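What the coordinates show
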Amino acid sequence: MNEEPTTVTSTMDAVGGSENAAAPSDGTAADDETPRRTFELEETGFKEVPKRWRKFYRIWQGEGDTLGPNEVICPVCKVVIRSHREFRPGDRVYCMPCMSRLVVVQRPDGRLEADVLY
Ligand SMILES: [Zn+2]
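Here we summarise the structure given alongside this text. This is a predicted model, so every value here is computed, not measured.

Some remarks on the overall build of the protein chain
Helix and strand counts for the protein chain come out as 0 helices and 6 strands. Across the 118 residues in the protein chain, those meeting the buried criterion constitute 11%. Put simply, of all contacts in the protein chain between residues at least 6 apart along the chain, 33% involve residues at least 24 apart.

Here is the structure:
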């Protein structure tokens, strides 16, 4: 008896939709050689600023807490200031809770911190 080979037709659906990672340019001249990573900010429950600004701040939890590349600690009031983009040295940030103008600096060990601008 002959066994007839069964023909298996597999349909391959072409998967459309490539991820478009192109970020809109904000028009400023970029000194950075690499594009910055961007971050999704979620509500942090930080109550010392109006609701729409809360996601830009959070309370530093102390030992065991870690800062993301888009976070720096305000040296004045110790809250964590957050950004949609990762911070780079030279970035200006504003701490709304204590109304300090800050600049992001890089420490010798590579960590990013904020210094008060006078
Ligand atoms: Zn502050």
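Now that the structure is up, let's keep going.
Focus on the environment of Val104
Relative to the elements of secondary structure, Val104 occurs in strand S5 (residues 100-106). For Val104, a count of 18 C-beta atoms within 10 Å puts it in the partly exposed group. A sequence separation of 17 residues divides Val104 from Phe87, and the C-alpha atoms of the two residues are 7.3 Å apart. Residues in contact with Val104, not counting those within four places in the same chain, are Val72, Phe87, Arg88, Pro89, Gly90, Asp91, Val93, Leu112 and Ala114.

Digging into the pairing of strand S3 (residues 79-82)
Regular strands have side chains that alternate between both faces of the sheet. Burial along S3 is two-sided: the residues Val79 and Ile81 and Val80 and Arg82 are all buried. Bridge analysis of strand S1 (residues 57-59) against S3 gives 3 bridges, and the strand direction is antiparallel. Within S3, the residue paired with Tyr57 across the bridge is Ile81. The pairing of strand S2 (residues 71-73) with S3 spans 3 bridges and is classified as antiparallel.

Overview of the nonpolar core
In terms of nonpolar packing, the biggest core is built from 11 residues, these being Phe56, Tyr57, Val72, Cys74, Val79, Val80, Ile81, Phe87, Cys95, Leu102 and Ala114. Per-element accounting of this core gives the leading share, 3 residues, to S3. Those residues in contact with Phe56 that lie beyond four places of it in its chain are Leu41, Ile81 and Arg82.

Quick notes on the sheet that holds S3
In spatial order, the strands read S1-S3-S2; together these 3 strands make up an open sheet with antiparallel pairing. Of all the strands in the sheet, the pair left with one neighbour each is S1 and S2. For this sheet the average axis-to-axis angle between neighbouring strands, irrespective of direction, equals 30 degrees.

With respect to the sheet that holds S5
Here we have 3 strands laid out as an open sheet, ordered S4-S5-S6, and antiparallel in their pairing. Lying at the two open borders of the sheet, with one neighbouring strand each, are strand S4 (92-95) and strand S6 (112-116). Each strand of the sheet is rotated relative to its neighbour by a mean of 40 degrees, with strand direction disregarded. Here S5 pairs with S6 via 5 bridges, running antiparallel. When the sheet's bridge partners are listed, Val105 is paired in S6 with Glu113.

Criteria and cut-off values
- Residues numbered from 1 in each chain as written.
- Predicted model: local features only at pLDDT ≥ 70, side-chain atom pairs only at ≥ 80, totals over all residues.
- Helix = DSSP H or I, 4+ residues; strand = E, 2+ residues; numbered from the N terminus.
- Buried ≥ 20, exposed ≤ 12 C-beta atoms within 10 Å, placed from the backbone.
- Contact = placed C-beta atoms within 7 Å.
- Pairing = 2+ DSSP bridges.
- Core = buried A, V, L, I, M, F, W, Y, C linked by C-beta atoms within 7 Å.
- Axes fitted to C-alpha atoms, helices over the stretch in contact; angles between N-to-C directions.

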